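Structural features, examined
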Amino acid sequence: MWTYFPELLARPVPRYTSYPTAAEFSPAAGAIDQVEALEAVAPDQPVSLYVHIPFCQEICWYCGCNTGRANRAQRLSAYLDALTAEIRTVATRLGGRGKVNRIAFGGGSPNALAPAEFLALLATLRDAFSTDRPILSIELDPRSFTPDWAVALGEAGVSRASLGVQTFDPAIQAAIGRVQPRALIGETVAALRANGVASINFDLIYGLPGQDQAGLSATLDEAIALAPERIALFGYAHVPHLLPRQRRIDASNLPGQDERFAMATLGHERLTAAGYEAIGFDHFALPDDALARAQREGRLHRNFQGFTEDDAQVLIGLGATAISAFPDLLVQNEKNSGRYRMRAMAGQLTGERGVRRDAEDRRRAHVIEDLLCGRIATVAPFLAEDGLRDRLAPFLAHGLAVLEQGGLQITPGGRPYGRALAALFDRYRIDQGQRFSTAI
Ligand code: SF4
């Protein structure tokens, strides 16, 4: 059972899918740094690729992703041409160095493409990069998933798929602009399994308009019955000042902070009782899943896709807005689709904003990742910082974390406070106002 300490969750904090976070990106780092980082990749260094497809058949009102409607074939094909050009430019810079072990397709919804376009894109990637049998994963929108897509995924050897499920409640689906009957999810899961996709993730959301604990419980029942290997249970972040599409959501009907905490607690209890292991602060995995094994063996990591067992130090993002991570650099591709296309088609790298990571950033990144991944973080060098012990004290007093011999570890009851604890070691967080979502 988790205990609610509202004062410890009052401050908006980042999700820490990177450190420094994207909020620290600026034009001070860009394509020139990207060239340098790509040229520093060693011949057999493990590399992961992330390919961004910023299109969806329909746009959900709550969505925080960079995506647009896939309503014009010409727009999609122009984007794919630019993506192909970018892939070739990056591969040329790598010059055969780096070994691609994983390729993740995300968005948006990669299945906004036609299956044949996806297969052609995969063939381009295999041709351009040094890779053998990479682990292939994809994010899918069940509303635009077709039998042809299931066959294409089988043919491609995709082993992991993540479905945007969010909620099974029809009234809440209508309130968030994402209507997808339960039968559709069931059919998608069956088609994926029949075509060799061994690991399926459901994204679920709590804190939606009109949602209460009973409603969330019913959604969890439906999810558990379909037995996905992984479940990510996120809190809905209502930030219409940053995401205008969220203005369509009735904010007066959103659950309060205490109710959100109760829902997060309920999700944790229901899923762990159903045999899932809690991973970090918002993921769950069946014990045989690679993510659960990684956590048990102390190999869990956190990157732009959330908690992962991927330990590659180089993650190359391809596509508009995609972020690449190198040991000393985080860099985001051009967001504007027109400028992205122009630069990519001109044979340029498209990095536009980013941050160079100095030794201090890397030390803090290590602490934050260790904390969020459940390991003991070496915090001794930071304890003398002005006010840090005072800020840490309430977390320790409530048993949310344990500090022993300069090592700090979040306790099981401290999981919902993970981001708030991590923020204590973030040198860029002084007063960020409403820039981030609430910590639960
Ligand atoms: S399908 Fe996913 S990416 Fe597309 S609009 Fe909906 S939530 Fe956003």
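All values derive from a computational prediction rather than experimental measurement.

What follows deals with the pattern of salt bridges. In total, this model carries 27 salt bridges according to the counting rule given. One salt bridge in this structure joins Glu309 and Arg102, with 3.4 Å as the shortest N-O distance. Note that Glu309 is positioned in the loop between β12 (306-308) and β13 (314-318) and Arg102 in strand β4 (residues 99-107), a separation of 207 residues in sequence. For Glu309, a relative accessible area of 8% gives the class buried. The partner of Asp426 in a salt bridge is Arg429, and the shortest N-O contact between them spans 2.6 Å.

The subject of this paragraph is the domain arrangement of the protein. According to the domain assignment, the protein consists of domain 1 (20-356) and domain 2 (359-435). Centre-to-centre, using C-alpha coordinates, domain 1 lies 27 Å away from domain 2. Each partner contributes to the interface: domain 1 provides 22 residues, whereas domain 2 provides 15 residues. Surface buried jointly by domain 1 and domain 2 totals about 1500 Å² across both partners, of which 53% is contributed by carbon and sulfur atoms. For the pair domain 1 and domain 2, the number of links is 2 salt bridges. Two residues, Asp328 and Arg362, come together in a salt bridge whose shortest N-O distance is 2.9 Å. Linking domain 1 with domain 2 are 7 residue pairs in polar contact (both at pLDDT 80 or more). Elements supplying a minimum of two residues to the side of domain 1 that touches domain 2: α8 (257-273), β9 (277-279) and β11 (301-303).

Turning our eyes to something else, we now look at the site of the ligand. Lining the immediate environment of the ligand, one finds Cys56, Glu58, Ile59, Cys60, Tyr62, Cys63, Thr67, Gly108, Ser109, Asp141, Arg143 and Arg178. Among the residues making up the shell around the ligand, the classes are represented as 5 nonpolar, 3 polar and 4 charged.

A few words now on the packing of aromatic side chains. Scanning the entire structure with this criterion turns up 11 aromatic pairs. Here the aromatic rings of Tyr19 and Tyr428 are separated by 5.9 Å at their centres, their planes lie at 45°, and the arrangement is tilted. Of this pair, Tyr19 sits in the segment before α1 (31-39) while Tyr428 sits in the segment after α13 (418-423), and the two are 409 residues apart along the sequence. The buried category is assigned to Tyr19, whose relative accessible area is 3%. Using a relative accessible area of 26% as the deciding quantity, one classes Tyr428 as partly exposed. Grouped by ring-pair contacts, the aromatic residues Tyr4, Phe5, Phe261 and Tyr417 constitute a single cluster. The ring of Phe307 carries Arg302 above its face, with NZ or CZ at 4.4 Å from the centroid.

Further remarks concern the sheet that holds strand β18 (residues 401-404). With antiparallel pairing, 3 strands are arranged side by side in an open sheet as β17-β19-β18. Bordering the open sheet on either side are β17 (377-378) and β18, each of which pairs with just one other strand. Contacts from helix α12 (residues 388-397) reach β18 and β19 (407-410), with the element oriented near 120° to β18.

Looking now at unusual backbone geometry. Tyr19 connects to Pro20 through a cis peptide bond whose omega is -5°. Within the element layout of this structure, Pro20 appears in the segment before α1. Following Gly107, the chain continues to Gly108 via a peptide bond in cis, the omega torsion being 25°. Even without a glycine there, the phi angle at Gln405 is positive, about 50°. Structurally, the position occupied by Gln405 is in the loop between β18 and β19.

With that settled, the discussion passes to the environment of Gly317. Locating Gly317 in the fold gives a position in strand β13. The spatial distance from the C-alpha of Gly317 to the C-alpha of Phe105 is 10 Å, given a sequence separation of 212 residues. Residue contacts for Gly317: discarding those within four places in its chain leaves Tyr50, Glu86, Ala322, Ile323, Ser324 and Asn333.

Along the polypeptide, Cys56 turns up in strand β2 (residues 55-56). Cys56 sits in the buried class, given a relative accessible area of 8%.

At a minimum axis separation of 9 Å, helix α3 (residues 115-128) and helix α4 (residues 147-156) run at an interaxial angle of 20°. Overall, the two elements α3 and α4 adopt an arrangement that is roughly parallel. Considering only the axes of α3 and α4, their crossing is right-handed. On α4, the residues that touch Pro115, Phe118, Leu119, Leu122 and Arg126 of α3 are Asp148, Trp149, Ala152, Leu153, Glu155 and Ala156. A class-by-class count of the residues in the contact of α3 with α4 yields 8 nonpolar, no polar and 3 charged.

What follows covers the pairing of strand β1 (residues 46-53). Most of β1 is tucked away: 7 of the 8 residues are buried. Both β1 and β4 contribute to a ladder of 8 bridges, which runs parallel. Note that in β4 the partner of Tyr50 across the bridge is Ala104. Relative to β13, β1 runs parallel, the two sharing 5 bridges. For Tyr50, the partnering residue across the bridge sits in β13 and is Gly317.

Let us now look at the pairing of strand β7 (residues 199-206). Extensive coverage of β7 is indicated by the burial of 7 of its 8 residues. Relative to β7, strand β6 (residues 160-166) runs parallel, the two sharing 6 bridges. Bridging across to β7, Gly164 finds its partner in Asp203. With 6 bridges connecting them, β7 and strand β8 (residues 230-235) associate as parallel partners. Note that in β8 the partner of Asn201 across the bridge is Arg230. For the crossover that starts at β7, traverses helix α7 (residues 213-226) and ends in the parallel β8, the hand is right-handed.

Scoring rules and cut-offs
Residues numbered from 1 in each chain as written. Predicted model: local features only at pLDDT ≥ 70, side-chain atom pairs only at ≥ 80, totals over all residues. Heavy atoms only, no water. Salt bridge = Lys/Arg side-chain N within 4 Å of Asp/Glu carboxyl O. Helix = DSSP H or I, 4+ residues; strand = E, 2+ residues; numbered from the N terminus. Buried < 20%, exposed > 50% of the residue type's maximum accessible area, 1.4 Å probe, protein only. Domains from an automatic or database assignment. Contact = heavy atoms within 4.5 Å. Buried area = accessible area lost by both parts, 1.4 Å probe. Polar contact = N/O pair within 3.5 Å; in protein donor to acceptor, adjacent residues only side chain to side chain. Near = heavy atom within 4 Å. Nonpolar A, V, L, I, M, F, W, Y, C, P; charged D, E, K, R; others polar. Phe/Tyr/Trp six-rings, centres within 6.5 Å; stacked < 30°, edge-to-face > 60°. Lys NZ or Arg CZ within 6 Å of the ring centre and 35° of its normal. Pairing = 2+ DSSP bridges. Axes fitted to C-alpha atoms, helices over the stretch in contact; angles between N-to-C directions. Parallel < 35°, antiparallel > 145°, perpendicular 65-115°, else oblique. Left-handed = near helix turned anticlockwise from the far one by under 90°. Right-handed = clockwise from strand over helix to strand, strands pointing away.

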